[in-house]
Amino acid sequence: TGGIAAFKCLDLIRRLRERGALVRCVLTPAGARFVTPLSLSALSEDKIYSDLFSLTDEHEMGHIELSRDADLLVVAPATANMLAKMANGIADDLASTVLLATDKDVLVAPAMNVRMWEHSATQANVATLGARGIRFAGPTDGPMACGEFGDGRMIEQPEIIAAIEAALGIGSRLVGRRALVTSGPTMEEIDPVRYIANRSSGKQGHAIASAFVRMGA
């Protein structure tokens, strides 16, 4: 869709193809302002779909078949506008029509200005989509192209790939196994009052726990 983070999808497609994934791209008119169909086609090694009313595309791969041909639909970047369309069942272009017509799992990677992400309308749409089973990957906080800082930044490509693999059940060698991971600072008592501790953030433990989840534990 039409967000500045669209350029990150070029590398995302390349990394997915390296892993053996077949990638088919649907490009919105706004998305084409940021990345070109030629770039997407070269990286995905497939044609690009963008016109809902294309007689050729609808004949070769109609939007209904396009919506059901994939194992997983990934919306990256997912703008506030596309989230609103998905939440309200609006299908006014090929991408939103495919998302409305699909019976497959959908994963979205939101990307927008922090104020747009925090707006009550967007949060209501996110809650609605979550209740429908739509998977969310991100967003995260960080500096934005507009110069502001906060939540709304699209997560990086490796994190999106991890979310895709989790949604597809790839790397499920630990299915049925249970793992317990401790995380955060440790404290060793000196006496009933004092202790020695470290300043651990717990992020390493969280990463290990996430890896267990991705492997099916």
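Overview of the structure.

Quick notes on the rules
Residues numbered from 1 in each chain as written. Predicted model: local features only at pLDDT ≥ 70, side-chain atom pairs only at ≥ 80, totals over all residues. Heavy atoms only, no water. Helix = DSSP H or I, 4+ residues; strand = E, 2+ residues; numbered from the N terminus. Buried < 20%, exposed > 50% of the residue type's maximum accessible area, 1.4 Å probe, protein only. Contact = heavy atoms within 4.5 Å. Areas by Shrake-Rupley, 256 points an atom, 1.4 Å probe, with all protein chains shown as cover. Lys, Arg positive; Asp, Glu negative; His and termini not counted. Charge placed at Lys NZ, Arg CZ, Asp CG, Glu CD. Pairing = 2+ DSSP bridges. Core = buried A, V, L, I, M, F, W, Y, C linked by side-chain atoms within 4.5 Å. Polar contact = N/O pair within 3.5 Å; in protein donor to acceptor, adjacent residues only side chain to side chain. 1 Å grid on protein atoms, 1.4 Å probe; cavity = no way out; pocket = protein on both sides within 12 Å on 5 of 7 lines; lining within 4 Å. Points joined across faces, edges and corners; volume = space filled by probe spheres on them. Nonpolar A, V, L, I, M, F, W, Y, C, P; charged D, E, K, R; others polar.

The subject of this paragraph is the overall build of the chain. Along the chain, the regular secondary structure elements total ten helices and nine strands. For the chain, the proportion of its 217 residues judged to be buried stands at 37%. At a minimum sequence separation of 6, the contacts of the chain that also span at least 24 residues come to 67%. Of the roughly 12,900 Å² of accessible surface on the chain, a fraction of 53% belongs to carbon and sulfur atoms. When the 22 positive and 25 negative side-chain charges of the chain are each reduced to one mean point, those points stand 5 Å apart.

Turning our attention to the sheet that holds strand S5 (residues 135-136). Spatially, the three strands line up as an open sheet ordered S3-S4-S5, and their pairing is parallel. In this open sheet, the two edge strands, each paired with only one partner strand, are strand S3 (72-78) and S5. Direction of pairing for S3 relative to strand S4 (residues 105-110): parallel, over a ladder of five bridges. Across the sheet, residue valine 75 finds its bridge partner in S4, namely valine 108.

Attention now moves to the nonpolar core. Of all hydrophobic cores here, the largest spans 24 residues; its most connected members are Leu40, Met154 and Ile160. At the level of secondary structure, the elements contributing two or more residues to this core comprise helix H1 (8-18), S3, S4 and helix H9 (157-168). Excluding its chain neighbours within four sequence positions, the residues that come into contact with isoleucine 160 are Leu12, Leu107, Ala109, Met154 and Ile155. Formed by 22 residues, the second largest nonpolar core is a distinct cluster that contains Leu52, Trp117, Val126 and Leu129.

Within the secondary structure layout, aspartate 93 lies in the loop between helix H5 (80-88) and helix H6 (94-101). Within the local environment of aspartate 93, its side chain forms a polar contact with the side chain of lysine 85, the two groups lying 3.2 Å apart. Within the local environment of aspartate 93, its side chain forms a polar contact with the backbone nitrogen of alanine 95, the two atoms lying 3.4 Å apart. Beyond its immediate stretch of four places on either side in the chain, aspartate 93 contacts Thr28, Pro29, Leu52 and Lys85.

Take the layout of surface pockets next. Considering only enclosed or pocket space, the largest pocket measures out at about 1,100 Å³ in volume. Together, 39 residues line the largest pocket, and Val23, Arg24, Cys25, Leu72 and Val74 are the ones closest to its centre. Elements represented by at least two residues in the lining of the largest pocket include exactly H1, strand S1 (25-26), helix H2 (37-44), S3, H6 and H9. Examining the composition of the lining of the largest pocket, we find that six residues originate from one element, S3, more than from any other. Class assignment of the residues belonging to the lining of the largest pocket gives a composition of 28 nonpolar, three polar and eight charged.

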